[in-house]
Structure formats: C-alpha cells, structure tokens
Amino acid sequence: MAAVFGGGPRITGVRIGPIDLAARVDEALAVQAVAFGLGAEEIEVRRHIVLRHLDHPHARALGALTPEDRLVGFVYGMPNDRGHWWSTVVEPYLRATGSAHWLDDSFVVTELHVHPDFQNRGIGRSLITTLTDAVGRPRSILSAIDTDSPARGLYHSLGYQDLARQVLFPSAPKPYAVMGAPLPLRRPR
C-alpha cells in the first residue's frame, strides 16, 4: 500500500491499496452515507448495486485504511460496457454533445467517497489516480452531481472535462454531469 500524498497535508498512517470491497461493502457504504447524506433505504439499494458491479471480472477497488484497519475512503470502477445501465442512460446526452465515443475503451470510476473527517487531505486524489493508473485504458469517465462542489473541483484538477451536463438518472433527485479525462490523470505541479 502506498502512503497518501497530494492535495492537502499528509495523513500519517493512512494507506491506499486494494481491498475486497464485497467483504467490506457495509463499511464502504457507511463512508458513502456520511459523505453523501444517504438514508438506510438508499444504502440498501446501493449495497445490491455495488455487489452486482463487483461481479464484473475486471472491476477494481481500492480503499484508504487507517493503521487500525478502519476504511475511511474507497473507490471502485470497471471498463465501460455500452450495455450497462449507466451507459444506456448517459449515451443520449453524450450523443447530443458529440461525445458518445467516450463510452468506448474507457474505464468508469463508479464510486469515490472519503469520510468527511478525512477529506481535503489528498486521499480522494490518491484513490482515483492509483485506480486509473492501473487500468490500461486511454481514458476514464464518471458522473458527478452537477453542482460546483469540491468533488467536481477535484475531477477538473485531474483533467476531467464536462462531456454532458444536466444528465437525469431515474430516481436521482439532482442532475449529474458526465465527465471524461485522458489517462493518465493530470498530477499537481
């Protein structure tokens, strides 16, 4: 596991490395619930989605772990497949902006969350760059709530650009932006 470096002060002892996300799904979703403000019903829905995603043979997951083995952040993703639900929802929006080719030969960062007590310290940056450095694809895509947020600021700093905005997912209360970046992701100077 690698020590965390990046956007803010280093957190001594937090390590980034591969995790068995299926075995730690409840811990991961607890981090996501705090970071995203999710209730119990939404967590249960997401639990099934995460476990289904992890059945993909090329899904990858990393965690940020304290010396006590507490999961304080995680990221996971997989190579994009145009037949997956996410791609079928975003494809018309990408087609409308001339960006549908981003769905081909790309790696989707499905989820990235860091516990609020550990945010703004380079953990999210380290998680996403470590994950995407190892995927062997020319580009990465993701979706994020379409607001001026710290998460979108991080993605922009890594080289992600807006491919489509105001993307509506069924049952999502807020619109999303679909973002794409060439790999490897940009590093701070």
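Our subject is the structure listed above.
Residues numbered from 1 in each chain as written. Predicted model: local features only at pLDDT ≥ 70, side-chain atom pairs only at ≥ 80, totals over all residues. Heavy atoms only, no water.

Participant: Explain the pairing of strand β6 (residues 139-145) to me, please; I cannot follow it from the model alone.
Facilitator: Counting buried positions over the 7 residues of β6 gives 5, a clear majority of the element. Summarising the sheet, strand β5 (residues 106-114) and β6 pair through 3 bridges and their orientation is parallel. Opposite V108, over in β6, you have I141 as the bridge partner. Handedness of the crossover joining β5 and β6 through helix α4 (residues 123-133): right-handed. Two strands pair when backbone bridges link them, and β6 and strand β8 (residues 176-182) are joined in this way by 7 bridges, in the antiparallel orientation. Within the sheet, the bridge partner assigned to L142 lies in β8 and is M179. (Buried < 20%, exposed > 50% of the residue type's maximum accessible area, 1.4 Å probe, protein only. Helix = DSSP H or I, 4+ residues; strand = E, 2+ residues; numbered from the N terminus. Pairing = 2+ DSSP bridges. Right-handed = clockwise from strand over helix to strand, strands pointing away.)

Participant: Got a minute to help me understand helix α3 (residues 85-96) in this structure?
Facilitator: An α-helical turn contains 3.6 residues, so any two residues separated by three or four positions project in the same direction. Taken residue by residue, α3 has W86, S87, V89, V90, E91 and L94 as its buried positions. Phi for G98, located one or two positions after α3, is positive at around 75°.

Participant: When you look at the pattern of salt bridges in this model, what are you seeing that I'm missing?
Facilitator: Proximity of charged atoms lets side chains of opposite charge pair with each other. In this structure the tally under the stated criterion is 13 salt bridges. As a salt-bridge pair, D146 and R165 come within 2.6 Å of each other at their nearest N and O atoms. In this pair, D146 is assigned in the loop between β6 and α5 (150-157) and R165 in strand β7 (residues 161-167), connecting sequence segments 19 residues apart. D146 sits in the buried class, given a relative accessible area of 8%. On the accessibility criterion, R165 (46% relative accessible area) is partly exposed. A cluster of three or more residues bridged by salt bridges with shared partners is formed by D146, R152, D162 and R165. (Salt bridge = Lys/Arg side-chain N within 4 Å of Asp/Glu carboxyl O.)

Participant: Honestly, helix α1 (residues 25-36) in this entry has me stumped. Any pointers?
Facilitator: When the terminal C-alpha atoms of α1 are compared, their 16 Å separation across 12 residues agrees well with the 16 Å that a helix rising 1.5 Å per residue should span. Along α1, the positions that sit buried rather than exposed are V25, A28, L29, V31, Q32 and A33. G37 sits one or two residues past α1 and shows a positive phi near 70°. (Expected span 1.5 Å × (residues − 1).)

Participant: Can you walk me through the environment of S157 in this structure?
Facilitator: Following the sequence through the fold, S157 ends up in helix α5. Overall, S157 belongs to the partly exposed group, its relative accessible area being 28%. With 116 residues separating them along the chain, S157 and E41 place their C-alpha atoms 33 Å apart. Apart from residues lying up to four places away in sequence, S157 is in contact with R125 and R186. At 3.0 Å, the side chain of S157 and the side chain of R125 are in polar contact. (Contact = heavy atoms within 4.5 Å. Polar contact = N/O pair within 3.5 Å; in protein donor to acceptor, adjacent residues only side chain to side chain.)

Participant: Whenever I open this one, the pairing of strand β4 (residues 71-79) confuses me. Can you help?
Facilitator: Side-chain positions along a regular strand alternate between the two faces of the sheet. Where burial is concerned, most of β4 is hidden: 9 out of the 9 residues are buried. Pairing of strand β3 (residues 60-65) with β4, which is carried by 6 bridges, proceeds in the antiparallel orientation. Within β4, the position partnered with R60 by the bridge is G77. If you look at the hairpin formed by β3 and β4, you'll find 5 residues sitting between the two strands, and D69 has a positive phi there, around 70°. Relative to β5, β4 runs antiparallel, the two being bridged by 7 bridges. Across the sheet, G73 pairs through a bridge with V114, a residue of β5.

Participant: It is not clear to me how the nonpolar core should be interpreted in this structure. Could you clarify?
Facilitator: One broad rule of soluble globular proteins: the nonpolar side chains tend to lie buried together. In this structure, I123, L127, I128, L142, Y155 and Y160 are the most contacted members of the largest nonpolar core, which totals 27 residues. Listing elements by their share of this core, those giving two or more residues are β3, β4, β5, α4, β6, α5 and β8. Once residues within four sequence positions are removed from consideration, Y160 is found in contact with V109, I128, T132, S140, I141, L142, Y155, M179, G180, A181 and L185. (Core = buried A, V, L, I, M, F, W, Y, C linked by side-chain atoms within 4.5 Å.)

Everything listed here is a matter of geometry and, on its own, says nothing about what the molecule does.
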